[in-house]
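Architecture and fold: a report
If you want the building blocks of each chain, they are given just below.
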Amino acid sequence: QVQLVESGGGLVQPGGSLRLSCAASGFTFSSYAMSWVRQAPGKGLEWVSDINSGGGSTNYGDSVKGRFTISRDNAKNTVYLQMNSLKPEDTANYYCNAVRLGLNYWGQGTQVTVSS
């Protein structure tokens with residue numbers, strides 16, 4: 001059974017940091033590219049970042065570039081999103097996504113709220 005379980009969300013003040021984790025099971029994690037996607041209240045899905053299967057290539061959306069860092073540990077079947085210098089506009093539900101050859105898996109999301 002395929003599972004992606006996000007964790008690490010919460011309430012943080014502007015300028016603070018959080019580290020999200022996404023633990024994968026039920027598929028060959030090291031063969032999949034991984035992404036983080038977020039959805040703010042009342043808005044559509046926004047791609048945040050992705051990393052290739054080996055971890056050697058990463059990409060970021062303009063709104064998070066320079067503040068967020070994606071990484072993965074294939075030995076632990078986990079992908080991470082380090083979020084620094086958080087802003088109120090980063091408030092959203094954050095989902096991890098696994099993609100390979102047309103297969104697409106999603107987690108249930110973890111809520112991040114940036115507020116003073």
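Computed from a predicted structure; not experimentally measured.

Things to note about the state of the cysteines
One way to say it: the disulfide is the covalent bond shared by the sulfur atoms of two cysteines. Summed over all chains, the structure comprises one disulfide. Cys22 shares a disulfide with Cys96; S-S distance 1.9 Å. Across the S-S bond of Cys22 and Cys96 the torsion is about 40 degrees, and the bridge reads as right-handed. With a gap of 74 residues between them, Cys22 in strand S3 (residues 18-25) and Cys96 in strand S9 (residues 92-100) connect regions that are remote in the sequence. Using a relative accessible area of 0% as the deciding quantity, one classes Cys22 as buried. A relative accessible area of 0% places Cys96 in the buried class.

Some points on the sheet that holds S3
With respect to topology, four strands assemble into an open sheet ordered S1-S3-S8-S7, the strand pairing being antiparallel. The sheet is open, and its two edges are formed by strand S1 (3-7) and strand S7 (68-73), each paired on a single side. Across the sheet, the mean angle from the axis of one strand to that of its neighbour is 15 degrees, orientation sign disregarded. Pairing analysis gives six bridges linking S3 to strand S8 (residues 78-83), with the strands arranged antiparallel. Within the sheet, the bridge partner assigned to Cys22 lies in S8 and is Val79.

A closer look at the nonpolar core
Ranked by internal contacts, the top residues of the largest apolar core, which has 28 residues, are Met34, Trp36, Val79, Leu81, Met83 and Tyr94. Those elements that provide at least two residues to this core are S3, strand S4 (33-39), strand S5 (45-51), S7, S8, S9 and strand S11 (110-114). The residues contacting Val79, other than those within four sequence positions of it, are Leu20, Ser21, Cys22, Phe29, Met34, Trp36, Ile51, Ile70, Ser71, Arg72 and Cys96.

Considering the side chain of Asp90
Looking at where Asp90 falls in the secondary structure, it is placed in the loop between S8 and S9. Of the polar contacts made by the side chain of Asp90, one reaches the side chain of Arg67; its length is 2.7 Å. The residues touching Asp90, leaving out its near neighbours within four places in the chain, are Arg38, Arg67, Phe68, Ser85, Val112 and Val114.

Considerations on the packing of aromatic side chains
Here the structure, examined in full by the defined rule, presents five aromatic pairs. Taken together, a centroid distance of 5.2 Å and an interplanar angle of 50 degrees make the contact between Phe27 and Tyr105 tilted. Of the two residues, Phe27 is situated in the loop between S3 and S4 and Tyr105 in strand S10 (residues 103-106); the sequence distance between them amounts to 78 residues. Ring pairs connect the aromatic residues Phe27, Phe29, Tyr32 and Tyr105, which therefore count as one cluster. Cation over ring: Arg19 sits above Tyr80, and NZ or CZ is 3.9 Å from the ring centre. Sitting above the plane of the Phe29 ring, Arg72 keeps its charged end 4.4 Å from the centroid.

Conventions and cut-offs
Residues numbered from 1 in each chain as written. Predicted model: local features only at pLDDT ≥ 70, side-chain atom pairs only at ≥ 80, totals over all residues. Heavy atoms only, no water. Disulfide = S-S within 2.5 Å. Helix = DSSP H or I, 4+ residues; strand = E, 2+ residues; numbered from the N terminus. Buried < 20%, exposed > 50% of the residue type's maximum accessible area, 1.4 Å probe, protein only. Pairing = 2+ DSSP bridges. Axes fitted to C-alpha atoms, helices over the stretch in contact; angles between N-to-C directions. Core = buried A, V, L, I, M, F, W, Y, C linked by side-chain atoms within 4.5 Å. Contact = heavy atoms within 4.5 Å. Polar contact = N/O pair within 3.5 Å; in protein donor to acceptor, adjacent residues only side chain to side chain. Phe/Tyr/Trp six-rings, centres within 6.5 Å; stacked < 30°, edge-to-face > 60°. Lys NZ or Arg CZ within 6 Å of the ring centre and 35° of its normal.

This is a description of form; function is not addressed.
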